[in-house]
Amino acid sequence: MAKIKDITDFLEQIAPRAYQEGYDNAGLLTGDPKMEVKGVLCTLDCTELVVDEAVTKQCNLIVAHHPIVFKGLKQLNGKNYVECTIIKAIKNDIAIYAIHTNLDNVHTGVNRKIADCLGLNNLRVLAPKADTLTKLETFIPTQHTDEVLNAMHGAGAGHIGNYSHCSFRILGTGTFKPNDKANPTIGQQNQQEFVEENKVELIFPSHLQAQVVGALQKAHPYEEVAYYLQPLKNTNQEVGAGMIGDLEQPMSEQDFLAHVKKSMQLNTIKYTPLSHKPIQRVAVCGGAGSFLLGTAMAAGAQAFVTSDFKYHEFFDAEEKIMIADIGHYESEVFTKELLGAFISENFANIATYLSEVNTNPVKYF
């Protein structure tokens, strides 16, 4: 049987916690990671009703998009819904795992799900993040180069978009002189050596540094491995906020709103005044996305589908873009399906359910 740690480790390969925003609290919030998984319940929010549902469905792991614990808990006596939910989960031996802005920020996450629902093509991250990549340089004897590179590729280095095993190499001569305490692979103690080596460069996500360097050191034939690490300012095209893509055919604004309403299963949409321009390029952001309005406009989007715009922020569209505010819950509720698919496709022997509880705290009269 799979353990909770097996599920959470898998989810963190898809959406590494290193990619969560600084204010966030993704990860295992309650529960023993060594506990065997009986069933998984996927939900947008974790509430007492969701915990009750987990008990009914005999699930001992809840995977939620929004963390039920966002701020530090100093007491646990049931004085609010957060404490009540945590207490009920602990009493019923149910683990709660949150996968929040890290799932927002990966190109296969929440925003990809919205883009797929809307039928967008030519997708790319709207606001790619910088400072998430590191370059490694090292020197490898020519006859061992492929072996060492393959070890680092296996640890996650050298993946760029749809390409793997990416690296650069240049031939040169390495020199060294082992002292009498060394145990050299090539050469002899106290003798100057000249070895034909490849200087190799490759890039990897910074959070994988320990395993990439570990793979290098394990596979490299030398007793002392020379390498250099350089953090990069480059933007990571696979990590960041929002997504942008194109409709297959341009739509009128009215037809686009109808398309969004049907695709996202909405009852209502808040939107800016119509400018009677066709819409084809569309930006999306699950949850509160007003901070991306300028980025969406600069990227040439004619419409921006997101939520939680304040009254005065609607003026900022200035008839240059249509804002379609569909609601926070409504923009992210499909995350349950995304999580359920990730887990069921990789853990076929574990019962995986989508929560039937409507956790939306906003009602419409």
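Residues numbered from 1 in each chain as written. Predicted model: local features only at pLDDT ≥ 70, side-chain atom pairs only at ≥ 80, totals over all residues. Heavy atoms only, no water.

Asker: Outline the overall build of the chain, listing residues and values.
Answerer: Secondary structure summary: the chain contains eleven helices and 15 strands in total. Each principal axis of the C-alpha atoms in the chain carries an extent, and together these give about 85 × 55 × 40 Å. Going through the 365 residues of the chain one by one, you find that 47% of them count as buried. Roughly 18700 Å² of accessible area belongs to the chain as shown, and the carbon and sulfur atoms make up 50% of that amount. Taken as two groups, the 31 positive and 42 negative side-chain charges of the chain have centres that lie 4 Å from each other. (Helix = DSSP H or I, 4+ residues; strand = E, 2+ residues; numbered from the N terminus. Buried < 20%, exposed > 50% of the residue type's maximum accessible area, 1.4 Å probe, protein only. Areas by Shrake-Rupley, 256 points an atom, 1.4 Å probe, with all protein chains shown as cover. Lys, Arg positive; Asp, Glu negative; His and termini not counted. Charge placed at Lys NZ, Arg CZ, Asp CG, Glu CD.)

Asker: Explain the nonpolar core to me, using residue names and the numbers behind them.
Answerer: One recurring pattern in soluble globular proteins is that nonpolar side chains are buried together. One finds Val63, Leu103, Phe256, Val260 and Val305 to be the most contacted residues of the largest nonpolar core, which totals 52 residues. It is helix 1 (residues 4-14) that provides the largest number of residues to this core, a total of five residues. The residues contacting leucine 103, other than those within four sequence positions of it, are Ala15, His65, Gly109, Val110, Thr335, Leu338, Leu339 and Phe342. In terms of nonpolar packing, the next biggest core, distinct from the first, is built from 17 residues, Ala155, Val212, Ala219 and Val225 among them. (Core = buried A, V, L, I, M, F, W, Y, C linked by side-chain atoms within 4.5 Å. Contact = heavy atoms within 4.5 Å.)

Asker: Just give me the short version of the pattern of salt bridges, but keep the residues and values in it.
Answerer: What the rule picks out here adds up to 19 salt bridges. The salt bridge partner of glutamate 12 is arginine 17, with a shortest N-O separation of 3.2 Å. A residue is classified by how much of its surface remains accessible, and arginine 17, at 39% relative accessible area, is partly exposed. Two residues, aspartate 32 and lysine 34, come together in a salt bridge whose shortest N-O distance is 3.4 Å. (Salt bridge = Lys/Arg side-chain N within 4 Å of Asp/Glu carboxyl O.)

Asker: Quick rundown of the sheet that holds strand 15 (residues 351-354)? Include the residues and the values.
Answerer: Strand order in the open sheet formed by five strands is 1-4-3-2-15, and the pairing between neighbours is mixed. The outermost strands of the open sheet, each flanked by one partner alone, are strand 1 (27-30) and strand 15. Pairwise comparison of adjacent strand axes, ignoring direction, gives a mean angle of 25° for this sheet. Examined bridge by bridge, strand 1 and strand 4 (residues 95-98) share three bridges and lie antiparallel to one another. Paired with glycine 27 across the two strands is alanine 98, which belongs to strand 4. Docked against the sheet, helix 2 (residues 48-56) engages strand 2 (39-43), strand 3 (61-64) and strand 15, running at close to 155° with respect to strand 2. (Pairing = 2+ DSSP bridges. Axes fitted to C-alpha atoms, helices over the stretch in contact; angles between N-to-C directions.)

Asker: How would you sum up the packing of helix 1 against helix 11 (residues 335-346)? Please name residues and give values.
Answerer: In a pair of packed helices, the angle between the axes and the distance between the axes together describe the arrangement. The N-to-C vectors of helix 1 and helix 11 enclose an angle of 120°; their axes lie 11 Å apart at closest approach. As far as their axial angle goes, helix 11 and helix 1 are oblique. You can see that helix 1 and helix 11 cross each other, and the crossing is right-handed. Together, Ile7, Phe10, Leu11 and Ile14 of helix 1 and Phe342, Ile343 and Asn346 of helix 11 make up the contact between the two elements. Residues of the contact of helix 1 with helix 11, tallied by class, amount to six nonpolar, one polar and no charged. (Parallel < 35°, antiparallel > 145°, perpendicular 65-115°, else oblique. Left-handed = near helix turned anticlockwise from the far one by under 90°. Nonpolar A, V, L, I, M, F, W, Y, C, P; charged D, E, K, R; others polar.)

Asker: A description of a nonpolar patch on the surface should follow, citing residues and the corresponding values.
Answerer: Together, Leu73, Leu76 and Ile90 make up a nonpolar patch on the protein surface, roughly 260 Å² of accessible area in all. Within the fold, isoleucine 90 resides in helix 3 (residues 81-91). (Patch = residues over 30% accessible without salt bridge, like charges linked within 9 Å, V, L, I, M, F, W, Y side chains within 5 Å.)

Asker: Before we move on, can you summarise the side chain of glutamate 53 with the specific residues and values?
Answerer: Within the secondary structure layout, glutamate 53 lies in helix 2. Given a relative accessible area of 8%, glutamate 53 falls into the buried group.

Asker: Break down unusual backbone geometry for me, citing the residues and quoting the values.
Answerer: Positive phi, close to 55°, is recorded for asparagine 122, a residue that is not glycine. With respect to the helices and strands, the residue asparagine 122 is situated in strand 5 (residues 121-129). The exposure class assigned to asparagine 122 is exposed, which follows from its relative accessible area of 59%. One non-glycine residue with positive phi stands out, namely glutamate 318, at about 50°. If you trace the backbone, glutamate 318 turns up in the loop between strand 13 (303-307) and strand 14 (322-325). A relative accessible area of 52% means that glutamate 318 is categorised as exposed.

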